[in-house]
Amino acid sequence: MDRALAPNLRIVFPKPGFFLTDVRFVIMLDGHIVYDGGFMQGVDLYLPVTTGPHVVSTRIDLGVISRSRDYPVHVPPGQAFSLELEYSRFWGNFTKKPKLVAHA
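This is a predicted model, so every value here is computed, not measured. (Residues numbered from 1 in each chain as written. Predicted model: local features only at pLDDT ≥ 70, side-chain atom pairs only at ≥ 80, totals over all residues. Heavy atoms only, no water.)

Caption draft 1: The side chain of Thr58, seen in detail. Tracing the chain through its elements places Thr58 in strand β5 (residues 52-62). When residues no more than four places from it in sequence are discounted, the contact partners of Thr58 are Phe25, Val26, Arg67, Ser68, Arg69, Tyr71, Leu85 and Phe94. (Helix = DSSP H or I, 4+ residues; strand = E, 2+ residues; numbered from the N terminus. Contact = heavy atoms within 4.5 Å.)

Right, here's the structure in full:
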């Protein structure tokens, strides 16, 4: 397959602003860890994916409490997507509906 037409997924989480301490933040794609690090620096990942359904999972470890979310993503042939995660300080978790943008 031509690399220019190969689908990819960009996962973006901009720096969240001021927090007193950093916490562990994990992103998984189809059950495989693609990021395991700090929450406060933000994330910008480009991941090659196959055409079809995928699941992006997030987990924030806040000591004894852990917050997680799953996001289904369907990637059509030759398509690239950006999945932008938004954190809600009110709920202490990512929003239920991230911004999903298709790129030609």
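Caption draft 2: Spatial organisation of the sheet that holds strand β6 (residues 65-75). An order of β3-β2-β5-β6 is seen for the four strands of this open sheet, with the pairing classed as antiparallel. Since the sheet does not close on itself, it has two edges, and those belong to β3 (32-38) and β6, each with one partner. Between one strand axis and the next, the sheet turns by 15° as a mean value, whatever way the strands run. In the sheet, β5 pairs with β6 via 11 bridges, with the strands oriented antiparallel. Within β6, the position partnered with Pro53 by the bridge is His74. (Pairing = 2+ DSSP bridges. Axes fitted to C-alpha atoms, helices over the stretch in contact; angles between N-to-C directions.)

Caption draft 3: Representation of a nonpolar patch on the surface. A grouping of Leu62, Val64 and Ile65 is seen on the molecular surface, where their side chains present a nonpolar patch of about 300 Å² in accessible area. In this fold, Leu62 is placed in strand β5. (Patch = residues over 30% accessible without salt bridge, like charges linked within 9 Å, V, L, I, M, F, W, Y side chains within 5 Å. Areas by Shrake-Rupley, 256 points an atom, 1.4 Å probe, with all protein chains shown as cover. Salt bridge = Lys/Arg side-chain N within 4 Å of Asp/Glu carboxyl O.)

Caption draft 4: Expanded view of the environment of Tyr46. Mapped onto the fold, Tyr46 is located in strand β4 (residues 43-48). Between the alpha carbons of Tyr46 and Ala80 there is a distance of 9.9 Å; along the sequence they are 34 residues apart. When near neighbours in sequence (up to four residues on either side) are disregarded, Tyr46 contacts Leu9 and Arg10. A polar side-chain atom of Tyr46 sits 3.2 Å from a polar atom in the side chain of Arg10. (Polar contact = N/O pair within 3.5 Å; in protein donor to acceptor, adjacent residues only side chain to side chain.)

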